[in-house]
Every structure is written in C-alpha cells, then in structure tokens.
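# Fold and geometry: a report
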Amino acid sequence: MPGVVYSFTTNYNSWDGSEVPYSLVVVDLSHASDIRMIGLYEGPDEPTIGQQVDVKFEPGPGGLTRPVFTAWETV
Amino acid sequence: VSARANWRRPVISGLGVSEIGRRLDQSSQQLTVDAIRMAVADAGLQLTDIDGLATYPGLTVSLNPGFLGPDLYEMQDTLGLELNWHMGAYQGAAQFVALIEAAAAVSAGLCRHAVVFRTTTESQAQGRARRGGIGSGGAPTEGNLAWLLAAGALSPANWAAMYAQRHMREFGTTKEQLGWVALGHREHALRNPRAVFKDPLSMDDYLNSRLISSPLSLFDCDIPVDGCVAVVVSAPETVPDLSHFVTIESVGTAMRHKPYWEHWPDMTTMASHDAAHHMWQGTDLTQADVDFAQLYDGFSIFTLMWIEALGFCARGEAGPYVEGGFRHSLASAMPINTWGGQLSGGRLHGWGFLAEAIDQLWGRAGDRQVMNSEVGVVGIGGGVVAASLLLTAGR
C-alpha cells in the first residue's frame, strides 16, 4: 500500500558534512491516520505533494537506520 | 473582568538587555550579570529585594553549541541571592516557560520580585564556522526529535520548510510573501541601534540569496547572536511602589497535539494556534485592542503562522496580509516586529520580542515607537512549542 507525500523540502545546506542537495519527505501512511514517516526521497526529480511513494530502509546519520522513499511503481 | 478569575495579574517591573552582537568576547555569565543588574535597577529595586529567580532552559541537553545560558544555581550563587522561589526549565510553554511560571509564582504569593533571564551565546560558539545541525555532537536517538534527526532532517530549517511548503500548497502562499516578512523586519532593524543587520534588504537580495531548505533561503532564517535579556516579574501588590510596570493580562500555554513536528495533524498550523487560542480565553480584550505584535521568526514562516494563529487574519491569508510591507510598518494600525525580529535583530531566542514589547509599552522605543501603544501581543515559538503573552501598559 503506497504512502502519500504530505510535504517535502530539498535541503541545500550541509549541516554535518553530508553531500547536498537531498530531498526529505513527510509521508502519510494510508493505513494509519495519525502518524507519518519522515525520510529521504530518491528520484530523478523533486518529490511533489500528493505523490505516491514506496519505502526501503538504509543506514542514516549516527549509525541509525532511516527510511528512504521512492516513487511508487504499479506493476 | 478576566475570564481567569484567579489570575491576579502579575507585572513586569524592570527590563535589562546586555550587549548584543555577533561573536562577543564576553562570557555567558558576564552577559547575564549585566542584564540582571540592569533589570533590577530599571525596576528601582536592589538585588536584596529579589526573592525569585528563573531561567530557560536551565541545565538540560544542549541542542546547539551556545544554546544553554548559565544555569540557575550558578546565577543564584554569583549574585548571592536569597530566594523564596526558583526554577530552571526547558519543557513547557516554549522559551517563556520560566517567565510564565514566575508570573504564576508572584501571582500565587510564592515570591514578590522574580528575576527571569535567557542568555544565548550561539554566535561565539559557532565562531566563523557555518551553522551546524541540531545535535551535531551526535544525533539523540530518543525524544521528539529522534525520527527527524535519523532521517537527515538535521536542522529546524528543514522542519520549518515542510510547514512552509504545505502552507504554499494549500493557500497559494508565495516565496515573495515570505520575503515580505524578511523585508518588513529589516526595515525596522534599520531603526534599532541594537540590531545585527543594519543594511537595507531588497526583494532582489532576498530572492537571490542561497537556498537553505526549499522554500526557505538565507534571509528566511534568523541570525545567531550572543546576549542576555532579563526581566523582573513582580507581584500585583507591589504595584503602588513601582515607578513603571507592564501588566501581564493573559498568557497562552496550551499544548494540544502530538509533540512531533512530522506528526502535527495540520502542518499549515503550529502550536502557536493552540497557545493563541488559550491566551484569548483568558481575557476580555480582543484583536481589535492590540496596538503592536511581536511575533517569533526563527524562520519567516513562523511569523505568518502567528498572524493567523492570533486571528489577525483568516486561516491561509497571512501571505497576502504581509504583502507590500504596509502591515509591518509603523504606519499600520498594528505594526509587527518593530525591533527587526530575529531575522534582522538577532536570535535572542524569543526574548528580543519581549524586550521590544516592554520598551514599546513604556514609550522607550525611540525611532521605532508605536504611537499610543497600550496593548501588545508577544508570540514565541515555532512548530510544536509555543507561548503567548498579552501585555498592557501599566496605569
């Protein structure tokens, strides 16, 4: 079940030495009404509000694991 | 008659502002002692009259270098105060938690004259480096910021940007309208001798500045400074002995939603909406009575949120409200951020707004003075924390 982008930003300032720019998305989960997920967005273009997304998990800052969202592809 | 029958309106009797600037060669303790001594003298009191002391944030986790001022015990000892009431606190009604608790303490009779201070040295701590992310010393994996930091949303600029983006999407708010906040604040800063930025800012300058986190660019973000603001909060029964005072008519301290930026149900609103609603519940005054507004601007979008939260325009209309800059100006019926805000005046973390409100109500704002200034509103905080104050000139 796809998530839906609620909002996003593209970050251009390197706060911790990370390569920039990168986009971050806040995603509504179709099956949960009152929580969202925030993560990186990977795609050829900037994300858009309302876009459907899929998720995978990758290593993030500080040894943590973070969600990485990609465009939802219908099979 | 106030809707809050037991709120024995406390007053602010003195204001002290230390030197404020970029990379000051002064310790956090020195700035604090300076501001406190000025505040006590301004109230016409001696340090021996002070029986309450409070600060935000006190001893807690330091989110940025220079975020913490001296802690409460350190200042009690430095000044040799004998206290009946004291507190240092971070969790509560944003950067005013200690101020509002002090107001409640004098109102309830726990002490008579409380000094409350906020000191920041984020500029000297930053040095000549670029501004870092939150928790640059290692991301906290607990608490309400954990998921943001894990995702790489390391700066409040990222979090605020997502609110701005959503506001733009739902209401058609434009980048230029955000720009009018920055320009309006800069226009006031030109008349504020304490302000950090004293050069004019044009819309071209604004639009051509580098992007930080879309849609926010450099001039949408506040500028770190070093400095301390201290006030004396006094009990209502001390008013006959005071030479001047500002009355704390009502306060807003509400917290009604999840304390996570990313889970906030409607990201075209912030905690400011709850705080403002709570503040208006405690008074018979209304928006029409307000002569000026000092509205937090850690990022430009926060000021737009506060304008809507306080009901100065309808939901979604803050962009058009600020367009052209007239609403900000001294010519308008309710000028906004007359000291230049944190965008141009400097990031005193909310307390610059309070200092300006007090100066305005006492007619001490010089070239920035709002005529017939009797009622002022101060709204502090962004995202999931907020506090607001409704202040009236003492009489």
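Residues numbered from 1 in each chain as written. Chains lettered and ligands numbered in written order. Predicted model: local features only at pLDDT ≥ 70, side-chain atom pairs only at ≥ 80, totals over all residues. Heavy atoms only, no water.

Now for the overall build of chain A. Within chain A, the regular secondary structure consists of 0 helices and 5 strands. Ordered by position from N to C terminus, the α and β elements of chain A give β-β-β-β-β. For 75 residues, the compact-globule estimate of 2.2 N^0.38 gives 11 Å, and the C-alpha radius of gyration of chain A, at 12 Å, lies within 12% of that figure. Residue burial in chain A is summarised as follows: out of 75 residues, 47% are buried. (Helix = DSSP H or I, 4+ residues; strand = E, 2+ residues; numbered from the N terminus. Rg over C-alpha atoms; globule rule 2.2 N^0.38 Å. Buried < 20%, exposed > 50% of the residue type's maximum accessible area, 1.4 Å probe, protein only.)

Right, let's get into empty space enclosed by the protein. Residue and element names in this part refer to chain B. For the structure shown, the criterion picks out 3 cavities of 30 Å³ or more. What lines the largest cavity is a set of 13 residues, among which Asn-192, Arg-194, Trp-339, Gly-352 and Ala-355 lie closest to the centre. With 4 residues, the top contributor of residues to the lining of the largest cavity is helix α13 (residues 351-361). (1 Å grid on protein atoms, 1.4 Å probe; cavity = no way out; pocket = protein on both sides within 12 Å on 5 of 7 lines; lining within 4 Å. Points joined across faces, edges and corners; volume = space filled by probe spheres on them.)

Before going further, it helps to examine the pattern of salt bridges. Residue and element names in this part refer to chain B. Under the defined criterion, the tally for this structure stands at 15 salt bridges over all chains. Ionic pairing is found between Arg-347 and Glu-122, a salt bridge with its closest N-O pair at 2.6 Å. With Arg-347 in the loop between α12 (341-345) and α13 and Glu-122 in helix α4 (residues 122-126), this residue pair connects regions lying 225 residues apart in the sequence. According to the relative accessible area criterion, Arg-347 is buried, its value standing at 10%. Exposure remark for Glu-122: the relative accessible area of 7% places this residue in the buried category. Residues Asp-359 and Arg-364 are paired through a salt bridge, measuring 3.0 Å at the closest nitrogen-oxygen approach. A relative accessible area of 7% means that Asp-359 is categorised as buried. Each of the salt bridges in this network shares a partner with another, and the network as a whole consists of Asp-42, Arg-194, Asp-359 and Arg-364. (Salt bridge = Lys/Arg side-chain N within 4 Å of Asp/Glu carboxyl O.)

Throughout the structure, instances matching the rule amount to 10 aromatic pairs over all chains. Centre to centre, the rings of B:Tyr163 and B:Trp261 are 5.6 Å apart; their planes meet at 85°, and the pair counts as edge-to-face. Here the residue B:Tyr163 occupies a position in helix α6 (residues 156-171), and B:Trp261 occupies one in the loop between β8 (246-252) and α9 (271-281), the gap between them amounting to 98 residues. Comparing B:Tyr163 with B:Trp261 shows no difference in burial state: the two are buried. Between the aromatic rings of B:Trp339 and B:Phe353, the centroid separation amounts to 5.0 Å while the plane-to-plane angle is 90°, which identifies the pairing as edge-to-face. Of this pair, B:Trp339 sits in the loop between α11 (318-322) and α12 while B:Phe353 sits in helix α13, placing them 14 residues apart in sequence. Taking relative accessible area as the criterion, B:Phe353 reaches 0% and is therefore assigned buried. Looking at A:Arg36, its charged tip hangs above the ring of A:Tyr6, at a distance of 3.8 Å from the centre. (Phe/Tyr/Trp six-rings, centres within 6.5 Å; stacked < 30°, edge-to-face > 60°. Lys NZ or Arg CZ within 6 Å of the ring centre and 35° of its normal.)

If you trace the backbone, B:His349 turns up in the loop between α12 and α13. Non-local contacts of B:His349, meaning those with residues more than four positions away in its chain, are made with B:Tyr56, B:Phe67, B:Gln95, B:Arg118, B:Tyr296 and B:Gln342. (Contact = heavy atoms within 4.5 Å.)

This part covers the environment of B:Tyr73. Residue and element names in this part refer to chain B. Mapped onto the secondary structure, Tyr-73 falls in helix α2 (residues 72-79). Assessed through its relative accessible area of 62%, Tyr-73 is described here as exposed. Remark: the alpha-carbon pair of Tyr-73 and Cys-221, spanning 148 residues in sequence, is separated by 33 Å.

Turning our attention to the pairing of strand β4 (residues 113-121) of chain B. Consecutive side chains of a regular strand alternate in pointing toward one face of the sheet and then the other. All names here are of chain B. Among the 9 residues in β4, 9 count as buried, and that is most of the element. The pairing of strand β2 (residues 52-55) with β4 spans 4 bridges and is classified as parallel. For Leu-53, the partnering residue across the bridge sits in β4 and is Val-115. Pairing analysis gives 9 bridges linking β4 to strand β7 (residues 226-234), with the strands arranged antiparallel. Note that in β7 the partner of Thr-119 across the bridge is Cys-228. (Pairing = 2+ DSSP bridges.)

What follows concerns the interface of chain A and chain B. Facing the 27 residues of chain A at the interface are 35 residues of chain B. The interface formed by chain A and chain B includes 0 salt bridges. Our count for the chain A to chain B interface comes out at 18 residue pairs in polar contact (both at pLDDT 80 or more). (Polar contact = N/O pair within 3.5 Å; in protein donor to acceptor, adjacent residues only side chain to side chain.)

Below, the discussion takes up the sheet that holds β2(B). Residue and element names in this part refer to chain B. With mixed pairing, the 9 strands of this open sheet are ordered in space as β3-β2-β4-β7-β1-β8-β11-β10-β9. Lying at the two open borders of the sheet, with one neighbouring strand each, are β3 (85-88) and β9 (292-295). Put simply, the sheet's adjacent strands are angled 25° from each other on average, direction ignored. In the packing of helix α10 (residues 300-309) onto the sheet, contacts are made with β9, β10 (375-380) and β11 (387-393), and the angle to β9 comes to roughly 135°. (Axes fitted to C-alpha atoms, helices over the stretch in contact; angles between N-to-C directions.)

When the pLDDT values of chain B are averaged, the result is 95; 97% of them are 70 or greater. The ipTM value of the predicted complex is 0.96, and its pTM value is 0.96. (pLDDT = per-residue confidence, 0-100.)

All names here are of chain A. By the criterion of burial, strand β2 (residues 22-29) is predominantly enclosed, with 7 of the 8 residues buried. Bridge count between strand β1 (residues 3-11) and β2: 8 bridges; the pairing is antiparallel. Bridge pairing in β2 links Val-5 to Val-27. Pairing analysis gives 7 bridges linking β2 to strand β3 (residues 32-42), with the strands arranged antiparallel. When the bridges of β3 are listed, Asp-28 appears paired with Arg-36. Where β2 hands over to β3, the hairpin turn is made up of 2 residues, counted between the paired strands.

So, about the packing of helix α7 (residues 175-189) of chain B against α10(B). Residues and elements named next belong to chain B. Relative to each other, α7 and α10 sit at 95°, their axes nearing to 8 Å. Between α7 and α10, the angle is such that the two are roughly perpendicular. Contacts between α7 and α10 involve Leu-178, Val-181 and His-185 from the first element and Ser-300, Ile-301, Thr-303 and Leu-304 from the second. Of the residues that constitute the contact of α7 with α10, the class distribution is 4 nonpolar, 3 polar and no charged. (Parallel < 35°, antiparallel > 145°, perpendicular 65-115°, else oblique. Nonpolar A, V, L, I, M, F, W, Y, C, P; charged D, E, K, R; others polar.)

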